[in-house]
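Geometric and topological summary
Each chain, written out:
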Amino acid sequence: VSTDTIVISVFFQAPNAAIAAATSCVQGGSTVTLDGTGSLDADGTIVSYAWTQLSGPPVTLSGAGAAISSFTAPAQGTLVFALTVTDSDGLTGTAQIAIPIAPLPVADATASDTVVSQGATVTLDGSQSAGAVSYSWQQIEGATASLSDASAASPTFVAPRPTGGYDVLTFELTVTDVCGITATDTVSLAVLRK
């Protein structure tokens, strides 16, 4: 009688955690969804999900034990989250994601002078605006002035002749950030008749 021994090794594969979420143009106050439904297990099924926040301003996770979780974004900061998935063999896999919160743009419109005589060259300045990638100037009050470039950060114009002894000119600056969010500010100046 002869005997053979066969050793059979069973290797279980750990699951792969995967996170889908917005990682750009996330604004403070918006609802951010963390989606772990793309997580996979090659030799079984995923039986549990666990979301945790690793860093950044603390937020409350809704659905921290579900495949999809969400939170309300704080005003600023970068938040880092981890997803740990457990499969039917008891093995785990973890993934991380960093979500930067984009600050809202701030428009800041000024003029080179607050009182000028007709014919004087005036410079409008929006260059101190925060987060702006584009500028748009529009006159909203007073005798019509011709801007050198309404889409420049600092356009100029020649003060027009007032209809009376003086005229108040008001300009509105709208700035747009990389995410398409806008902010506005106004600036006024008086033009005196010569």
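The rules behind each value
- Residues numbered from 1 in each chain as written.
- Predicted model: local features only at pLDDT ≥ 70, side-chain atom pairs only at ≥ 80, totals over all residues.
- Heavy atoms only, no water.
- Patch = residues over 30% accessible without salt bridge, like charges linked within 9 Å, V, L, I, M, F, W, Y side chains within 5 Å.
- Areas by Shrake-Rupley, 256 points an atom, 1.4 Å probe, with all protein chains shown as cover.
- Salt bridge = Lys/Arg side-chain N within 4 Å of Asp/Glu carboxyl O.
- Helix = DSSP H or I, 4+ residues; strand = E, 2+ residues; numbered from the N terminus.
- Buried < 20%, exposed > 50% of the residue type's maximum accessible area, 1.4 Å probe, protein only.
- Core = buried A, V, L, I, M, F, W, Y, C linked by side-chain atoms within 4.5 Å.
- Contact = heavy atoms within 4.5 Å.
- Disulfide = S-S within 2.5 Å.

**A closer look at a nonpolar patch on the surface**
A cluster of nonpolar side chains, namely Val115, Tyr166 and Leu192, defines an oily patch on the protein surface of about 300 Å² accessible area. You can see Tyr166 is positioned in strand 12 (residues 166-176). A relative accessible area of 53% places Tyr166 in the exposed class.

**Considering the nonpolar core**
Membership of the largest hydrophobic core comes to 21 residues, with the highest contact counts inside it found for Leu34, Phe71, Phe81 and Ile99. At the level of elements, strand 2 (31-35), strand 3 (46-55), strand 5 (77-87) and strand 6 (92-102) are the ones that each hand at least two residues to this core. Apart from residues no more than four positions distant in its own chain, Ile99 is found in contact with Ala21, Ala22, Val26, Val32, Leu34, Phe71, Gly77, Thr78, Leu79 and Phe81. If you look at the next biggest cluster of nonpolar residues, it comprises 19 residues, including Ala109, Tyr135, Leu189 and Val191.

**Looking at the state of the cysteines**
Taken as a whole and judged by the stated rule, the model has one disulfide. Two residues share a disulfide in this structure: Cys25 and Cys179, whose sulfurs sit 2.3 Å from each other. Measuring handedness by torsion sign, the sulfur bridge of Cys25 and Cys179 sits at about -90° and is left-handed. Of the two residues, Cys25 is situated in the segment before strand 1 (26-27) and Cys179 in the loop between strand 12 and strand 13 (182-192); the sequence distance between them amounts to 154 residues. Residue Cys25 is classed as partly exposed on the basis of its relative accessible area of 40%.

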